[in-house]
Structures are given as C-alpha cells and as structure tokens.
Amino acid sequence: FERSAVRSLALVARDGLVIAAFAGIASCLLRVPGGSAGELRVVDWLGWLLYAFAQGTAGTGWWVLAHECGHGGFSPSSLLNNTVGWVLHSALLVPYFSWQYSH
C-alpha cells in the first residue's frame, strides 16, 4: 500500500458526488413534510427511508477517509491529512482533533 494524495482526494470527490446525487434525486422525487405538494404518501415515507440508508452508506465512505486522515494513511502530508480530516469530520458533525488524540 502506498499513500497517494491524488487517489485519496479523488475518492473524496467521488463520494461527494454520490452524496450530492442522492440528495438531488431525493429532493426531486420525494415530497417533504409541510411542503406545498400536500401530505406525504406511503411511497414518500419509504423513499425517505431508502434515502436515509443510501445517504448513510455514502457518508460512511467519507467517514472512513476521514478516519484514515487521523491515522496518517490518507496522504504523505500531515497538513493535508489534518485539513481533509477536519473538513470531512466537520461535515459529518464528528470532532476531528479530539477524536484523533483520543483514538
């Protein structure tokens, strides 16, 4: 295994596109509670459940990459590791530096 900043950043971008695509698809296809389209149908509730599962799975990809940043496995640069780790952990609402020091 060789650490590669280019490959690692490509994985961050890929997972970001998947996360954005899931959000875009859900917002186009599913009604939201309290929206002008009326009450949620059963298909909307099932769709939001499927969305939550899919989005959670995609978010786990970012979490794994952020975890590798904390261990120095993301890239050879500790500045890049800490920057990307902090950004991804922040997006996931997980504290980075306190996790890094305690883990």
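Here the structure is a predicted model, which is why all the values come from computation and not from measurement.

Draft legend 1. Structural context of a nonpolar patch on the surface. A cluster of nonpolar side chains, contributed by W86, V87, F97 and Y101, occupies part of the molecular surface with about 460 Å² of accessible area. Listing elements by their share of the nonpolar patch, those giving two or more residues are α3 (78-91) and α4 (97-102). With respect to the helices, strands and loops of the structure, Y101 is situated in helix α4. For Y101, a relative accessible area of 67% corresponds to the exposed category.

Draft legend 2. The arrangement of unusual backbone geometry in detail. Its identity is not glycine, yet L93 carries a phi of approximately 60 degrees, on the positive side. By the element assignment, L93 lies in the loop between α3 and α4. The exposure class assigned to L93 is exposed, which follows from its relative accessible area of 77%.

Draft legend 3. Highlighting α3. Over its 14 residues, α3 extends 20 Å from the first C-alpha to the last, a length consistent with the 20 Å expected when each residue adds 1.5 Å. Of all the residues in α3, the buried ones are N81, V84, G85, L88 and H89. For α3, the angular spread of buried residues about the axis comes to 125 degrees, placing them on one side. The residue sitting at the N-terminus of α3 and contributing the capping side-chain oxygen is S77; that oxygen lies 3.4 Å from the backbone nitrogen of L79.

Draft legend 4. Inspection of the packing of aromatic side chains at higher detail. Inspection of every chain in the model, using the stated rule, returns three aromatic pairs. A centroid spacing of 6.4 Å and a plane angle of 35 degrees characterise the contact between Y96 and W99, whose relative ring orientation is tilted. Joined through ring pairs, the aromatic side chains of Y96, F97 and W99 make up one cluster.

What counts, and where the lines are drawn
Every chain is numbered independently, its residues counted from 1 as its sequence is written. With the structure being a predicted model, the display of local features is reserved for residues of pLDDT at least 70 and the display and counting of side-chain atom pairs for 80 or more, all residues being used for whole-chain, interface and lining totals. Remark: hydrogens and water are excluded; side-chain values derive from all non-hydrogen atoms of the structure. Here a patch means residues that are over 30% exposed by relative accessible area and free of salt bridges, tied together within 9 Å if like-charged and within 5 Å if nonpolar (Val, Leu, Ile, Met, Phe, Trp, Tyr). Using a 1.4 Å probe, the Shrake-Rupley method yields the accessible areas, and only the shown protein chains count as cover for residues. Here a salt bridge means any side-chain nitrogen of Lys or Arg lying within 4 Å of a carboxyl oxygen belonging to Asp or Glu. What counts as a helix is a DSSP run of H or I of at least four residues, what counts as a strand is a run of E of at least two, and both are numbered from the N terminus. Relative accessibility decides the category of a residue: with a 1.4 Å probe and only protein chains considered, values under 20% of the type maximum give buried, values over 50% give exposed, and everything between is partly exposed. Expected span, for any helix, means 1.5 Å times one less than how many residues it has. Directions are taken from the helix axis to each C-beta atom, and the arc is the one they span. Here a polar contact means two N or O atoms within 3.5 Å. Within protein one must be a hydrogen donor candidate and the other an acceptor candidate, and residues neighboring in sequence count only if both atoms are side-chain atoms. Working definition: a ring pair exists when centres of Phe, Tyr or Trp rings (six-membered ring for Trp) sit within 6.5 Å. Plane angles under 30 degrees give stacked, over 60 give edge-to-face, the rest tilted.

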